[in-house]
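Each chain is listed here by its residues.
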Amino acid sequence: KTDLLGWSVAIADALRLERPIYLGCSVGGQLALDLAAHHAERFRAFVSLNGWYELLSRCRYDNDIHRNPRTSTDFFASRILAATSPEAPEASAQEVYWVYRSNMPGVYAGDNDYFMIGHDLREDGHLIDAHKTPVYVLSGQYDASMLYPAHGGVAVANHIPGVIHRELPGLGHFAPADDPVKFCDALIPILYEICVKTAEGTDDRR
């Protein structure tokens, strides 16, 4: 987690980005929330797509199975395909599946270590000041987090004052990849809203 946070800030610094909006999906969605807790001063706003408040109390999953080279990558790639939206174009959903199917053993496990275990806003969610730096949590209608409002994106807004939660109709966990057109249609108005809120010289941060 510390490395991921440091890399994100270092990339923004190396590219000399001024007041960038950080948007992340899945693992990036978790990272958006952790950055909001620990590096809010470096960013203009945060958009967490399918991020969770915490998973530890809900998830009882042996992530190490994906480190075993005898475990077919199709085992988790099939679960990834199931996480795409049923309304997504089939070709796009299958491309998401193929990306994960092509992973080397252990890659997906490393992904999940942070997503499932390394992120827990029960520990540091109180550090987020969403009134000072806007934080949006977007949850696809078909994302698993919508099934668990006590743990998913809804819980982030319920536990942290000022966080704005929006459900994205028709979208799933990998919205930018499995249905990019519908995702852009949903995202652009939100980005515009953030730009208006955070425009230089305005006091309207509500």
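Just so you know, these numbers come straight off a predicted model, no measurement behind them.

Chemist: When you look at the pattern of salt bridges in this model, what are you seeing that I'm missing?
Modeler: When their charged atoms lie close together, side chains carrying opposite charge are able to pair. For the structure on display, the rule yields 11 salt bridges. Of the charged contacts in the structure, one is a salt bridge between glutamate 87 and lysine 182, with a shortest N-O distance of 3.0 Å. Taken as a pair, glutamate 87 in the loop between helix 3 (73–82) and helix 4 (90–101) and lysine 182 in helix 9 (residues 180–197) lie far apart in primary sequence, 95 residues in all. The exposure class assigned to glutamate 87 is partly exposed, which follows from its relative accessible area of 40%. Residue lysine 197 is joined to glutamate 193 by a salt bridge in which the shortest nitrogen-to-oxygen separation is 4.0 Å. Taken together, the residues span about one helical turn, with lysine 197 and glutamate 193 both in helix 9 at a distance of 4 residues.

Chemist: What's the story with the pairing of strand 4 (residues 164–168) in this structure? I'm lost.
Modeler: Consecutive side chains of a regular strand alternate in pointing toward one face of the sheet and then the other. Looking at chain direction, strand 3 (residues 135–140) and strand 4 are connected through 5 bridges and run parallel. Bridging from a neighbouring strand, valine 137 pairs with histidine 165 of strand 4. Between strand 3 and its parallel partner strand 4, the chain crosses via helix 7 (residues 153–159), and the hand of that crossover is right-handed.

Chemist: I would appreciate a short explanation of the confidence of the model for the chain in the present structure.
Modeler: As a general rule, the predicted coordinates of low-pLDDT regions are not to be interpreted in detail. For the chain, per-residue confidence averages 92 on the pLDDT scale, and 95% of positions sit at 70 or higher. Low pLDDT, under 50, characterises residues 201–206; the stretch is placed with 9 contacts to residues that sit more than four places away or in other chains.

Chemist: Looking at this structure, I do not really get a nonpolar patch on the surface. What am I missing?
Modeler: Taken together, Trp7, Ile11, Leu15 and Leu17 make up a surface patch of nonpolar side chains, about 430 Å² in accessible area. Looking at the element boundaries, leucine 15 is found in the loop between helix 1 (2–14) and strand 1 (21–25).

Chemist: In this structure, what is going on with the packing of aromatic side chains? I would like to understand it.
Modeler: Remark: the centre distance and the inter-plane angle together describe each pair of aromatic rings, the angle taken between the planes. Inspection of every chain in the model, using the stated rule, returns 6 aromatic pairs. Judged by centre distance (5.3 Å) and plane angle (55°), the rings of phenylalanine 43 and phenylalanine 46 are tilted. For the pair phenylalanine 43 and phenylalanine 46, one class covers both residues: buried. When the ring of tyrosine 100 is compared with that of tyrosine 108, the centres are 6.0 Å apart and the planes differ by 85°; the resulting orientation is edge-to-face. Relative accessible area serves as the criterion here: at 16%, tyrosine 100 is assigned to the buried category. On the accessibility criterion, tyrosine 108 (9% relative accessible area) is buried.

Cut-off values and rules
Residues numbered from 1 in each chain as written. Predicted model: local features only at pLDDT ≥ 70, side-chain atom pairs only at ≥ 80, totals over all residues. Heavy atoms only, no water. Salt bridge = Lys/Arg side-chain N within 4 Å of Asp/Glu carboxyl O. Helix = DSSP H or I, 4+ residues; strand = E, 2+ residues; numbered from the N terminus. Buried < 20%, exposed > 50% of the residue type's maximum accessible area, 1.4 Å probe, protein only. Pairing = 2+ DSSP bridges. Right-handed = clockwise from strand over helix to strand, strands pointing away. pLDDT = per-residue confidence, 0-100. Contact = heavy atoms within 4.5 Å. Patch = residues over 30% accessible without salt bridge, like charges linked within 9 Å, V, L, I, M, F, W, Y side chains within 5 Å. Areas by Shrake-Rupley, 256 points an atom, 1.4 Å probe, with all protein chains shown as cover. Phe/Tyr/Trp six-rings, centres within 6.5 Å; stacked < 30°, edge-to-face > 60°.

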